[in-house]
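What the coordinates show
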Amino acid sequence: EVKKEKDEPIVVELEKKEDIKVSMSVIGDIMCHNSQYNDAHRNGEYDFSYVFEDVKEYIESADIAIGNLETTFAGKDRGYASYPTFNTPENLAIDLKEFGIDVVSTANNHSLDTGYKGIESTIDYLDEAGILHTGTFKSVEDQENIVIKEVNGLKLAFLAYTYGTNGIPVPNGREYCINLIDKDLIKSHLDKAKSLNPDVICVNMHWGVEYQNSPNTEQEDLANFLFENGVDLILGSHPHVLQRMETKDILLPNGENKNGFVIYSLGNFMSGQTKANTRNSIILTLDIIKDGTTGKLKFENINYIPIYTYTNPNFRNYKVLDIRKAIDKYENGEDDRVSKQYYDLLVKELEHVNYTVGF
């Protein structure tokens with residue numbers, strides 16, 4: 001029993017508990033054109049691991065790593081294929097897992113490139129590789145099942161949505177197979193996710209306009225809608241080029257404030273595209289902190305590693321380069337893969353990345 005003098009306030013101090021921290025790395029579009037899988041074909045097998053060697057440390061060192069899988073794994077018998085309907089050697093799933101990718105979004109405009117069977121097969125190969133996924137599903141129950149991953153004692157919920165499927169019809173009676181951007185559907189999923197009491201809700205959004213370096217009003221409006229309905233972290237894709245990222249202070253309907261983070265487009269992580277700015281991108285890194293006393297979330301140490309898909313006919317063509325490291329190595333005479341011409345290109349690509357991200 002607490003005794004006090006008249007009018008003397010009782011001060012109750014909250015017990016200070018340790019903060020919980022999760023370090024996260026995020027990559028953009030994982031694509032695979034025929035030039036890429038032909039390059040990875042050696043001795044009758046497909047091996048993509050060499051593509052990631054230069055940047056593997058940034059994925060391995062994270063507590064959790066996320067990407068956007070913009071292809072399907074429909075199997076060899078279907079015939080491997082490139083744009084406009086992608087079917088990629090399934091060994092890429094194994095190589096992505098060994099690279100350190102934990103979770104991928106499968107909701108994008110290429111999800112139905114190999115039909116409903118392709119969705120099923122892609123899910124099966126990801127399950128076999130041990131990569132969590134969301135955005136496409138094999139049943140109504142699967143669609144309603146929110147993907148939760150616990151990391152360092154923090155519960156993270158994952159959802160993913162796409163604007164469409166390149167005009168390929170969603171099969172009648174199987175509307176559950178893909179999450180399309182629909183506010184009513186999204187809100188119902190978010191309500192379900194919140195009922196599971198996750199610490200973080202992360203949503204991958206396949207949205208925007210291809211090759212546009214700035215988000216449009218629809219992306220911004222959807223981002224506000226997501227934040228207002230409980231989302232903490234938004235990871236954008238589809239434009240194939242970088243767009244800006246920002247932290248947001250959100251005033252919730254109940255009057256509380258929360259911290260949010262959005263990157264409107266991460267661009268391509270790996271791709272055979274050659275259009276302007278489709279080969280530069282970033283690996284996003286950030287720390288998610290849950291205050292041990294108040295339970296509030298905040299995002300700290302937000303940073304990025306500028307990357308570039310490098311090709312050289314004298315070596316294996318495709319390699320994701322850490323741009324800053326490649327520039328330093330060239331200037332120190334430590335890397336003979338990069339010519340003066342390529343060095344000048346990397347300097348310009350770095351300038352573009354830093355300008356576009358705007359953080």
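Because the structure is a prediction, the values reported are computed rather than measured. (Residues numbered from 1 in each chain as written. Predicted model: local features only at pLDDT ≥ 70, side-chain atom pairs only at ≥ 80, totals over all residues. Heavy atoms only, no water.)

**Some points on the pairing of strand β8 (residues 154-162)**
This is how it is decided: Relative accessible area decides the class of each residue, using a 1.4 Å probe on protein chains only: under 20% of the type maximum gives buried, over 50% gives exposed, and in between gives partly exposed. Going along the chain from the N terminus, every DSSP run of H or I of four or more residues is numbered as a helix, and every run of E of two or more is numbered as a strand. Strand pairing is defined by DSSP finding a minimum of two bridges between the two strands. Note on handedness: a crossover is taken as right-handed if, strands pointing away from the viewer, the path from the first strand over the helix to the second is clockwise.
With respect to burial, β8 is a largely interior element, eight of its nine residues being buried. Counted along the chain from strand β7 (residues 147-151) to the antiparallel partner β8, the turn is two residues long, and its residue Asn 152 has a positive phi close to 55°. For β8 and strand β9 (residues 200-206), the ladder comprises seven bridges, and the chain directions are parallel. Along β9, the bridge assignment pairs Leu 156 with Val 200. Read from β8 through helix α6 (residues 183-195) to β9, the crossover connection turns out right-handed.

**Focus: the packing of helix α3 (residues 91-99) against helix α4 (residues 115-129)**
Condition: For helices, the fitted axis covers only the stretch in contact; all axes are lines through C-alpha atoms, and the angles between them, taken along N-to-C directions, range from 0 to 180 degrees. Here is the rule for handedness: rotate from the far helix to the near one, and if that takes an anticlockwise turn smaller than a right angle the crossing is left-handed, while a clockwise turn gives right-handed. The contact definition used throughout considers only heavy atoms, calling two residues in contact when any of these lie within 4.5 Å. Each residue gets one label: Ala, Val, Leu, Ile, Met, Phe, Trp, Tyr, Cys and Pro are nonpolar, Asp, Glu, Lys and Arg are charged, and the others, such as Gly, are polar.
Here α3 crosses α4 at 35°, and the two axes come no closer than 9 Å. Read as a crossing pair, α3 and α4 show a hand that is right-handed. Taking contact as the criterion, the partners of Ala 93, Ile 94 and Lys 97 in α3 are, on α4, Tyr 125, Leu 126 and Ala 129. The residue makeup of the contact of α3 with α4, split by class, is five nonpolar, no polar and one charged.

**So, the environment of Asp 335**
Along the chain, Asp 335 turns up in the loop between α8 (323-331) and α9 (340-357). Each C-alpha atom, one on Asp 335 and one on Asp 127, is 38 Å from the other, the two residues being 208 residues apart in sequence.

**Considerations on the pattern of salt bridges**
Under the convention used in this document: Whenever a carboxyl oxygen of Asp or Glu lies within 4 Å of a side-chain nitrogen of Lys or Arg, that contact is scored as a salt bridge.
Counted by the stated rule, this structure contains 15 salt bridges. For Lys 187, the salt bridge goes to Asp 191, with nearest N and O atoms at 3.2 Å. Here Lys 187 pairs with Asp 191, and both are found in helix α6, just four residues apart, close to one helical turn. Judged by relative accessible area, Lys 187 falls into the partly exposed class, the value being 35%. Look at Asp 191 and you get partly exposed, because its relative accessible area is 35%. For Glu 246, the salt bridge goes to Lys 248, with nearest N and O atoms at 3.7 Å. On the basis of relative accessible area, Glu 246 is assigned to the buried category, the value being 18%. On the accessibility criterion, Lys 248 (24% relative accessible area) is partly exposed. Through salt bridges with shared partners, one network takes in Glu 220, Arg 244, Glu 246 and Lys 248.

**Let's talk about the nonpolar core**
Cut-off, in case you're wondering: The criterion is simple. A nonpolar core is a set of buried Ala, Val, Leu, Ile, Met, Phe, Trp, Tyr and Cys residues joined through side-chain atoms within 4.5 Å.
Counting residues in hydrophobic clusters, the biggest one holds 33 residues, and the most contacted among them are Ile 30, Phe 48, Phe 52, Phe 269 and Ile 283. Residue assignment for this core shows that the elements contributing at least two residues are β1 (20-30), α2 (56-60), β4 (64-69), α3, α4, β13 (268-270) and β15 (297-310). The element contributing the most residues to this core is α3, with four residues. Val 103, Leu 156, Met 245 and Phe 299 belong to the second largest nonpolar core, which has 30 residues in total.

**Re the layout of surface pockets**
For clarity, the cut-off: Definitions used for this entry: grid spacing 1 Å over protein atoms alone; cavity, a set of points where a 1.4 Å probe fits but cannot get out; pocket, an open set with protein on both sides within 12 Å along at least 5 of 7 lines; lining residue, one with an atom within 4 Å of a point. Grid points are joined across faces, edges and corners, and a volume is the space filled by probe spheres set on the points.
In this structure, the largest pocket encloses a volume near 470 Å³. In terms of lining residues, the largest pocket is bounded by 18 residues, among which Asp 199, Asp 232, Leu 252, Lys 258 and Leu 297 are the most central. Taken together, the elements giving at least two residues each to the lining of the largest pocket come down to β9 and β12 (257-263). Each residue belonging to the lining of the largest pocket can be placed in one class, and the counts come to five nonpolar, six polar and seven charged.

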